[in-house]
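Below, each chain spelled out in residue letters.
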Amino acid sequence: MTDSRHHLSALCFTELAAGSGSASSVAELRSGQRSRAMLLLRALVDVADTHPALPGPLPPAGEAWRLLIRAERRSPAAVERLLLHPQTGVWLSRCLRQLRGQEPADAPLWSETGYLYAVAASAALLAGIDFRIAVVVRDGGVMLPALGFALVPDHAPDLAEVVRTAEGAAVLAGPHTVPLPVSGFAEDAPGWLGLRRLHGDHRGHLCSPFLDDVDPYRDFFRRRSPDRLTDDAWKRWQERFEGAWRLVAGQRNVDPSGVAACVASVVPVPYAAHPEPFSASSPEAYGCVLMNGPVDEPDLAAALVHEAQHIKLSALMDLVPLIEGGREEVHHAPWRLDPRPLRGMLQGVYAFLGVTGFWQDRLHRTEDGPARDTAAFEFALRREQTAHGLETLRTHAELTPLGRSFLDQVAERLAGWLAEPVPSVPRRLAAELVVDHRLVYRMRHLRPEPAGLARWVRAWRTRGTPPRELSPASVEPAAAETVPRTALARLRFTEPERLRTGQGGGDDAPDAADLAWARGDRPAALRGYRGRLAQAPDDVAAWAGLALTLPDGAARAAMLRAPEVVLAVHRALRNSGGAVPDPVALATWTGTAL
């Protein structure tokens, strides 16, 4: 198989650094991904040829490799389609780790390696050449990557064959035969589940990714058996996707042709996320987006932009170095409550730069009403989050010269959006939510050094003045709870009646203090948070809510600057069996030192 030379042009880099990227820029990134996939595939074949557990009942891996070469000679595009198929990337990376003993396998290694033979079969089918090759039967059938799933009876053998002759193509499993559709693999047929595509077409921009519910490697977090969507679920996905694509294709800040070129596969998954809809992408699955449901069209559109940004940046970082090191998970990202590495921060900044642009465009295109108010809030929130993440990167990251140039252009794009006026209520709520997130993160993950903490505790007990220096703190990752205030803030604009009636934004009844905060009733919220802390003094979200609603002064200053110290001192005093201090009094005392 021939190498695919790639060269990153200055125009491509500039487009990407501005937070966008055209179809031609994405084509340059795809060239690099093709080379990467080809090298990984060749490495896998080489490892498989000498591995003691292989080939098992399969023929040598070289047979699949030779079929791929035949297919490429007839149709290079067919082989490229398989090399760049996201699920091929997931399998390649996972299987290589298993063969090298870096990851446990949940099936015999020959069975995991068997996907290679299916990749070769799919490429040969697309190339239209005659062939016969053994493939693995698993999960009740044979997966032909990028094409579909052939169902075979439960009593079928572990191996089948994929055959194409002048008479047609079929999967042969013992005495059982599954004819493959001649009119198009995407269509279902007896014994065949075609890999279907979503379709979005607006203003000449076409986006048609697979909606993959059959490939066992479609979820890059874990292997999944085929789980066919019902007809109604499929229709809902198509309807929501079509509407979401209209929004993506109509906006002006992120090139929709680049988004379409990035998103090759959408995978429904059951993972829950709150207050944001769940979506995810991975460098190992170039072009794949996991989603937990066909959410509202604006949210789905924003998720497509968000994940396309991740996909572009991952491919760019495979070609050019932007950051050195940056793998230590010790930094606060304003969009996640777990400690993050700087490389993850870079990914988040770039993704939310795109999302900021999406909502900025929505704000300017939407007429007055709930949709415009929502766009203003999302724009204000995302630009604030991006700015904080960017500041962390520029303070702590060891950037390459290209990395500094990249972030300089990101900062330039963001600066214009930060200067735009936004109505006061969405601007205030967005700013408070960023502070809220930082407070919860610090109290959940930062632990003051014991000796320094002991000095603060002694000073309080002796009614002395607080130490003049804060206790150094270390990052100790802990379970991160969900804080509902972001979801309630959104209700302020979309369904204000639910805030007034106390219905909130989730399945559980919302807390009265959180509702009061979302409505803008700070005195009632402050009373509510104080009441919560009296009942549950380790309620981190209530401590953060207290900080948001305290009036300006020493107590608020202490909570905003060092909430982990106030909480740690309060906890130590409680655990020692002494009198439990009033949180506001303790925060006021702490603030006199700050």
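Treat the numbers as computed from the prediction; the structure is a model and nothing was measured.

**Student:** Quick rundown of the overall build of the protein chain? Include the residues and the values.
**Tutor:** Looking only at helices and strands, the protein chain has 23 helices and 19 strands in total. Computed over the C-alpha atoms, the radius of gyration of the protein chain is 27 Å, within 12% of the 25 Å expected from 2.2 N^0.38 for a compact globule of 594 residues. Dimensions of the protein chain along its principal axes, counting C-alpha atoms only, are 90 × 55 × 50 Å. Within the protein chain, the fraction of its 594 residues that count as buried is 56%. Of the contacts made within the protein chain by residues no fewer than 6 positions apart, 69% connect residues no fewer than 24 positions apart. Where the 67 positive side-chain charges of the protein chain centre and where its 70 negative ones centre are 4 Å apart.

**Student:** Give me the nonpolar core: which residues, what numbers.
**Tutor:** In this structure, Leu316, Phe406 and Trp517 are the most contacted members of the largest nonpolar core, which totals 126 residues. Setting aside chain neighbours within four positions, we find leucine 316 in contact with Leu8, Phe13, Leu16, Leu29, Leu322 and Phe406.

**Student:** Which residues make up helix α5 (residues 86-99), and what values do they have?
**Tutor:** Along its 14 residues, α5 runs 20 Å from first to last C-alpha, staying within 8% of the 20 Å computed at 1.5 Å per residue. Counting buried positions along α5 yields 13 of 14 residues, so the element is predominantly enclosed. One or two residues past the end of α5 sits glycine 101, with phi positive at roughly 75 degrees.

**Student:** Would you mind going over the pattern of salt bridges in detail, with residue names and values included?
**Tutor:** The final tally for this structure, using the stated rule, is 38 salt bridges. For arginine 42, the salt bridge goes to aspartate 46, with nearest N and O atoms at 2.7 Å. Of this pair, arginine 42 and aspartate 46 are both found in helix α2 (residues 23-50), four residues apart, which corresponds to roughly one turn of the helix. Glutamate 276 serves as the salt-bridge partner of arginine 490, at 3.1 Å between the closest nitrogen and oxygen. In this pair, arginine 490 is assigned in helix α16 (residues 485-494) and glutamate 276 in the loop between β11 (265-268) and β12 (279-280), connecting sequence segments 214 residues apart.

**Student:** If you had to explain the packing of helix α11 (residues 342-365) against helix α13 (residues 401-418) to someone new, which residues and values would you point to?
**Tutor:** A pair of packed helices can be characterised by two numbers: the angle between their axes and the separation between those axes. The N-to-C vectors of α11 and α13 enclose an angle of 30 degrees; their axes lie 11 Å apart at closest approach. For the element pair α11 / α13, the angle class is roughly parallel. Where α11 crosses over α13, the two elements pack in a sense that is left-handed. Along its contact with α11, which presents Leu346, Val349, Tyr350, Leu353, Thr356, Gly357 and Gln360, the element α13 presents Phe406, Leu407, Val410, Leu414 and Trp417. Partitioning the contact of α11 with α13 into residue classes produces nine nonpolar, three polar and no charged.

**Student:** Which residues make up the packing of helix α8 (residues 231-250) against helix α10 (residues 297-319), and what values do they have?
**Tutor:** It is the contact of α8 with α10, at a shortest axis distance of 8 Å, that shows an interaxial angle of 65 degrees. Judged by the inter-axis angle, α8 sits roughly perpendicular to α10. In this structure, α8 crosses over α10, and the sense of that crossing is right-handed. Together, Glu239, Arg240, Phe241, Gly243, Ala244, Arg246, Leu247 and Val248 of α8 and Glu297, Pro298, Leu300, Ala301, Leu304 and Val305 of α10 make up the contact between the two elements. Here the residues of the contact of α8 with α10 are counted per class, giving nine nonpolar, one polar and four charged.

**Student:** So, the packing of aromatic side chains: which residues are in play, and what are the values?
**Tutor:** Inspection of every chain in the model, using the stated rule, returns 13 aromatic pairs. Arranged with centres 5.8 Å apart and planes meeting at 80 degrees, the rings of phenylalanine 221 and tyrosine 271 form a pair that is edge-to-face. Placement of the pair is phenylalanine 221 in the loop between β10 (210-211) and α8 and tyrosine 271 in the loop between β11 and β12, with a sequence separation of 50 residues. Aromatic pair phenylalanine 377 and phenylalanine 493: ring centres 5.4 Å apart, planes at 35 degrees, arrangement tilted. With phenylalanine 377 in helix α12 (residues 370-396) and phenylalanine 493 in helix α16, this pair connects stretches of sequence that are 116 residues apart. Classification of phenylalanine 377 by relative accessible area gives buried; the value is 0%. Lying across the ring of tryptophan 65, arginine 42 places its NZ or CZ 4.5 Å from the centre.

**Student:** Lay out unusual backbone geometry in plain terms, naming residues and giving numbers.
**Tutor:** With omega at 10 degrees, the peptide bond leading from leucine 54 into proline 55 counts as cis. Inspection of the secondary structure puts proline 55 in the loop between α2 and α3 (61-74).

**Student:** Can you explain empty space enclosed by the protein? Please cite residues and give values.
**Tutor:** Following the criterion strictly, the structure yields two cavities of 30 Å³ or more and no others. Roughly 160 Å³ of volume is contained in the largest cavity. Looking at the largest cavity, it is lined by 16 residues, and the ones nearest its centre are Tyr115, Val136, Arg138, Met143 and Arg223. Elements with a minimum of two residues in the lining of the largest cavity: α6 (109-113), α7 (115-127), β1 (131-136) and β2 (141-144). The element best represented in the lining of the largest cavity is β2, accounting for three residues. Class assignment for the residues of the lining of the largest cavity results in nine nonpolar, three polar and four charged.

**Student:** Describe in detail the pairing of strand β6 (residues 176-179), supporting the description with residues and values.
**Tutor:** Direction of pairing for strand β5 (residues 168-173) relative to β6: antiparallel, over a ladder of four bridges. Looking at β6, one finds that valine 171 is bridged to valine 178. Hairpin connection from β5 to β6: two residues lie between these consecutive antiparallel strands, with glycine 174 at a positive phi of about 60 degrees.

**Student:** I'd like a description of the environment of valine 119, backed by residues and values.
**Tutor:** By the secondary structure assignment, valine 119 is in helix α7. Classification of valine 119 as buried rests on a relative accessible area of 2%. Between the C-alpha atom of valine 119 and that of leucine 147, which follows or precedes it by 28 residues, the distance is 9.9 Å. Residues in contact with valine 119, not counting those within four places in the same chain, are Leu68, Leu82, Thr88 and Pro145.

**Student:** Which residues make up the side chain of histidine 331, and what values do they have?
**Tutor:** Along the chain, the position of histidine 331 falls in strand β15 (residues 331-333). The exposure class of histidine 331 is buried, given its relative accessible area of 15%. Setting aside anything within four residues of it in sequence, one finds histidine 331 in contact with Asp338, Pro339, Arg340, Leu342, Met345, Thr392, His396 and Tyr441.

**Student:** Break down the sheet that holds β2 for me, with residues and values.
**Tutor:** In spatial order, the strands read β2-β3-β7; together these three strands make up an open sheet with antiparallel pairing. Each edge of the open sheet carries a strand with a single partner, namely β2 and β7 (192-194). Averaged over all adjacent pairs, the angle separating strand axes in this sheet is 15 degrees, with direction ignored. Where strand β3 (residues 148-151) meets β7, three bridges bridge the pair, whose relative direction is antiparallel. Looking at the pairing, phenylalanine 149 lines up with leucine 193 of β7.

Definitions and limits used
- Residues numbered from 1 in each chain as written.
- Predicted model: local features only at pLDDT ≥ 70, side-chain atom pairs only at ≥ 80, totals over all residues.
- Heavy atoms only, no water.
- Helix = DSSP H or I, 4+ residues; strand = E, 2+ residues; numbered from the N terminus.
- Rg over C-alpha atoms; globule rule 2.2 N^0.38 Å.
- Buried < 20%, exposed > 50% of the residue type's maximum accessible area, 1.4 Å probe, protein only.
- Contact = heavy atoms within 4.5 Å.
- Lys, Arg positive; Asp, Glu negative; His and termini not counted.
- Charge placed at Lys NZ, Arg CZ, Asp CG, Glu CD.
- Core = buried A, V, L, I, M, F, W, Y, C linked by side-chain atoms within 4.5 Å.
- Expected span 1.5 Å × (residues − 1).
- Salt bridge = Lys/Arg side-chain N within 4 Å of Asp/Glu carboxyl O.
- Axes fitted to C-alpha atoms, helices over the stretch in contact; angles between N-to-C directions.
- Parallel < 35°, antiparallel > 145°, perpendicular 65-115°, else oblique.
- Left-handed = near helix turned anticlockwise from the far one by under 90°.
- Nonpolar A, V, L, I, M, F, W, Y, C, P; charged D, E, K, R; others polar.
- Phe/Tyr/Trp six-rings, centres within 6.5 Å; stacked < 30°, edge-to-face > 60°.
- Lys NZ or Arg CZ within 6 Å of the ring centre and 35° of its normal.
- 1 Å grid on protein atoms, 1.4 Å probe; cavity = no way out; pocket = protein on both sides within 12 Å on 5 of 7 lines; lining within 4 Å.
- Points joined across faces, edges and corners; volume = space filled by probe spheres on them.
- Pairing = 2+ DSSP bridges.

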